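Structural overview for review
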Amino acid sequence: MKASIFKSNYYKKSIVALSLSSVLAITSSAVMAAEEETQQVEEEVERIAVTGSRLTRASFDAPSPTVIVSAADIKLSGAGNLNDILSTMPQFGDGFDSTSGNYSFGNSGINAVNLRNLGANRTLVLINGKRPTPIADDSQMLYADIGMIPSELVERIEILTGGASAVYGSDAVAGVVNFIIKKDYEGTSVRAQVGDTQHGGGANQSITVINGFSFNDERGHMTMSVDYFKDSAIMAKDRPGSQNSMRAVSNPANTGPDDGIPDNIKMSGLTYPAFGTDTNMFGYWNGADGGTDWYQYENGTATLRTPATAQAEGWIATDGSGFDPNDYGSIEDPYDRLNAYVNLNYEFDSVTLSVDVMYSKTQATSSIDPAFVGDWESWYTLSQFDDNGITVPDALRAVMSPEDEWFSLPNTFYEAGPRSQKSDREYVSASLTLSGSFENDWTWDAYATSGTTKAELLVKNSLRTDRLDIDTYLLAGDCVDAGNCPEYNPFERPSQAVTDYILTDHLSTTDVVNHAFSANLGGDLFELPAGAVQMSTGVEVRYESLKFEPSEVWSTGKLSSDMSGMDASRTIQEVYAEFLVPVLSDVAFVKQLDIEAAYRKANYSTESASFDSAKLGLNWAINDSIRLRTTYSTAVRAPQLTEMFAGANSGFTDMTDPCDQYQIDAGPADGRRKDNCAALGITEEGWSSNVSGAKGKTASGGNEDLKEEEAETLTIGLVLTPSFIDNLTISFDYYDIKLEDMIVSQGASTILSNCTDLEAGSIDNTFCDKVQRDANGDINVVNTVSFNADAARRRGVDIASVYSYENWSFSLNASRQLETSYTEFNDVEGTSVTDDPLGELGNPKWQANLITTYNLDDLSVSWTAKFKQGGKRWLDISDEVYDDQSVDDSLIHDLNISYDISEAANVYLGVNNVTDEDGLDHWLTNWGTRIGWGIVGRSYYAGMTYQF
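Residues numbered from 1 in each chain as written. Predicted model: local features only at pLDDT ≥ 70, side-chain atom pairs only at ≥ 80, totals over all residues. Heavy atoms only, no water.

1. Section: a negative patch on the surface
A surface patch of negative charge is lined by D883, D884, D888, D889, E917 and D921. Relative to the elements of secondary structure, D883 occurs in the loop between β51 (871-872) and β52 (886-887). Taking relative accessible area as the criterion, D883 reaches 40% and is therefore assigned partly exposed. (Patch = residues over 30% accessible without salt bridge, like charges linked within 9 Å, V, L, I, M, F, W, Y side chains within 5 Å. Areas by Shrake-Rupley, 256 points an atom, 1.4 Å probe, with all protein chains shown as cover. Salt bridge = Lys/Arg side-chain N within 4 Å of Asp/Glu carboxyl O. Lys, Arg positive; Asp, Glu negative; His and termini not counted. Charge placed at Lys NZ, Arg CZ, Asp CG, Glu CD. Helix = DSSP H or I, 4+ residues; strand = E, 2+ residues; numbered from the N terminus. Buried < 20%, exposed > 50% of the residue type's maximum accessible area, 1.4 Å probe, protein only.)

Dropping the structure here:
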């Protein structure tokens, strides 16, 4: 919305607050308010629309706390990726980044933020107040990828925590992250940067070129930018001790519960006896030691490689005799990104036109271990291979006794290289905005946006289960019908012809399209003694579509799972109104008291996702030193297209059948489980389910009956500007987010038990409808669709403070979590069970960032300290379960030094993680960002900016 110009001194002060935000790093808008009120600057400024509202006002007038990340903060971090900055702030949990691609079909290269750790799909991302076209992850959920935002042109990032659906619509449950892009850049600048890590991997380079100029007597202005960023991989093997090479395993000295001996102990140097093998292996049961001995055989000889006594959990070698578990995986995936942005503004006599065009292309890859067949649970017999004409080596027969011909035969096709995926994503969007004002100072704007994202996912070296029978090791499929199968013996290394036949590369595509039109009108309704009553109202229409086309081999079930395509779309129509009422001003104990209210109505063409939302806020400036503010709102998240319309997709997972002989008596005390199993046709005593000790088939898909998730959000804040300490401001903001009707997917075992245990003498329920059994009772498939069920809550206090003294400035951004709970509804008992992991590792009570900056002439030095409280991994288990499940606090220090060589040139360098802290010394943190601890270690960067 185009801003109005006001000449009141009250609004003149806001320009100072905005300039301070670029120097004093991360702070709340209310903190800036108190800071700027100490300044006396006599110049005309604009009232602006701050995030969380479409009303125009000075930034500190907003009743909701808004955290600001300035352009200076972005530069200080040395990050070429905006997500790297936001993910380390106390308000954010782990979203999508360069660490989230492994063991997924295509998430590498996605950058999506996660406010309050409620999920990236509950954080609304805006660019200049508009929704960008989203991208799809590997499950076709849609997210705004902030990696395509031109970071060098970001003027500031406004982070509004708490709900804002009444202003922006769906998805703002946890809050809003609004990226404000510069539109008045003058001149040309080039910025180049290189970076690397001390311990190998992760080298990166970036270059950005920006040009901006005015024309036609400054009525028009154009800004253009192009930036390129390249980040190389950090492999797990580059960080000794990472991931599965160190973990907690069963303690062989344990004698039972309450014996004072840890049940599990940390062990390092762990390897895999049967996974990732680069030779021929087989396993044979050692009854005396109660485990499997693993043998390596070659040149006609079998050699014991990993005895049963040197294993933990049945699949981990503790003596280093196995294969490196980190040979192929990466800690950070490599990716290349090219962004381009153009903005044109032109002022006609009464109308301003603005055009934005954004383009981004990202390529990212990730790799995992090679394709394999068989594991420690797959067993075969000699006669089985003999009957199928497969020659069994004498070396294997020599190990086996005549009484026991069972053996395990894992086979890794390492000759073909790792399984990998390459994601190519292309983003294009354009928007046209017209804005102006009427003679009565009311302003209007109308804009239309259109965008599309196209993604191609190339998966390499996938095993075709239609061409290799994993139960017999016989080739199958087309070559059998044609009679031209290559020769294959699983006891020998496969030929190129064999791997070419059973392994395949396949390509899937996803297209997302968004169109939107919005019209808004705002201004002063009438004057009250305390000021003008403001109103903003508008309409918005959006269209969104998603088309997913899996590869032919994937969609036809020729891999280990099958994936159906999807082609879905919908239209959203919304209308809103917002009011600001100044109640009192300049009376006893009230310098200014405002009430703010908003209401939004949304109508989706999918009727299950129509809703309304509202908010009510109060902003009370008692005097120049004390300000109170509070906002209550209802927020929503509409179900996404894939949650409602995804096709049937199948896979295999562990599940427990309640009708199995070992589970039949474990249900409710009234015996209903046995009766209901009989109603299912299972009456045989000692009946054994087909999923007992094996994986069962699941099918998932969309649920058109889903409705929106609902949340109630409350914020209460206090801003202090003590008059007895110059240049100090502090804010405290309490937040409370209650989320209900969460869209969740129950596991197969829960669905199976709910089917038999929900009601005595009846299997007529929605859970039994999701289970398909054969006539003999065996489970054919369990349908695990999503539905509205559970709840979550986040409560805490955000603390922000800024202080400056002579050449020094300090900025503190801290958060104290009070609750981070999840509530699961028990359908059988009709009760809810709430689990709050607050204080556990990954859910710290305290997080804080402190930035200290010193400026002297052309030199600027900044020191950032990032604190995250440690804790136990699990609070509700005995200390005897693990010898060490407590992790120390994390304190990371970053250093940035910048020097202006001239008015046109600046050089800078930085060291992140100065003290080289990492999580490699503990089995709970050696996975890095999986639970919030980095394991990259010390890194360096240096760059130069030249303006001309």
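Let's pick the thread back up.
2. Things to note about the confidence of the model for the chain
Here the chain shows a mean pLDDT of 88. Residues at 70 or above account for 92%. Considering only residues more than four positions removed or in separate chains, one finds that residues 1-46, a stretch of pLDDT under 50, has 119 contacts. (pLDDT = per-residue confidence, 0-100. Contact = heavy atoms within 4.5 Å.)

3. Quick look at the nonpolar core
In terms of nonpolar packing, the biggest core is built from 39 residues, with L82, L86, I149, I157, I159, V177 and F179 touching the most fellow members. When residues of this core are traced back to their parent elements, those giving at least two are β4 (66-70), α5 (82-86), β6 (112-115), β7 (123-127), β10 (154-161), β11 (175-181) and β43 (728-745). The dominant element in this core, judged by the number of residues it contributes, is β43, at 4 residues. Leaving out residues up to four positions away in the same chain, I157 has contacts with V67, I68, V69, I74, L82, L86, V177, N178 and F179. (Core = buried A, V, L, I, M, F, W, Y, C linked by side-chain atoms within 4.5 Å.)

4. A word on the sheet that holds strand β40 (residues 649-654)
The 4 strands are arranged β40-β41-β45-β44 in an open sheet whose pairing can be described as mixed. Of all strands in the sheet, those with a lone pairing partner are β40 and β44 (771-773), marking the two edges. Across this sheet, the average inter-strand angle for adjacent strands is 25°, counted without regard to direction. Pairing geometry for strand β41 (residues 695-700) and strand β45 (residues 779-783), over 2 bridges, is parallel. Looking at β45, one finds that T698 is bridged to V782. Sheet strands touched by helix α14 (residues 748-757): β40, β41, β44 and β45. Its angle to β45, the strand with the most contacts, is close to 105°. (Pairing = 2+ DSSP bridges. Axes fitted to C-alpha atoms, helices over the stretch in contact; angles between N-to-C directions.)

5. A closer look at unusual backbone geometry
For N461, which is not a glycine, the phi torsion comes out positive at approximately 65°. Tracing the sequence through the fold places N461 in strand β31 (residues 443-463). Residue classification places N461 among the buried positions, given a relative accessible area of 14%. Located in the positive-phi region is N727, a residue other than glycine, with phi close to 65°. By secondary structure assignment, the location of N727 is in the loop between β42 (709-720) and β43. On the basis of relative accessible area, N727 is assigned to the partly exposed category, the value being 28%.

6. Section: α14
Most of α14 is tucked away: 7 of the 10 residues are buried. Within α14 the residues assigned to the buried category are A748, I751, L752, N754, C755, T756 and D757. The inward-facing, buried residues of α14 contact α13 (672-679), β41, β44 and β45.

7. What about the pairing of β4?
Taking burial as the measure, the 5 residues of β4 include 5 buried ones, the bulk of the element. Burial of the side chains of β4 extends over both faces: T66, I68 and S70 are buried on one face and V67 and V69 on the other.

8. Comments concerning the pattern of salt bridges
As enumerated under the stated definition, the model contains 38 salt bridges in all. Measuring nitrogen to oxygen at the nearest pair gives 2.8 Å for the salt bridge that ties R629 to D733. Of this pair, R629 sits in strand β39 (residues 626-637) while D733 sits in strand β43, placing them 104 residues apart in sequence. R629 gets classed as buried once you look at its relative accessible area, which sits at 2%. Here R673 and D757 are joined by a salt bridge, their closest N and O atoms 2.6 Å apart.

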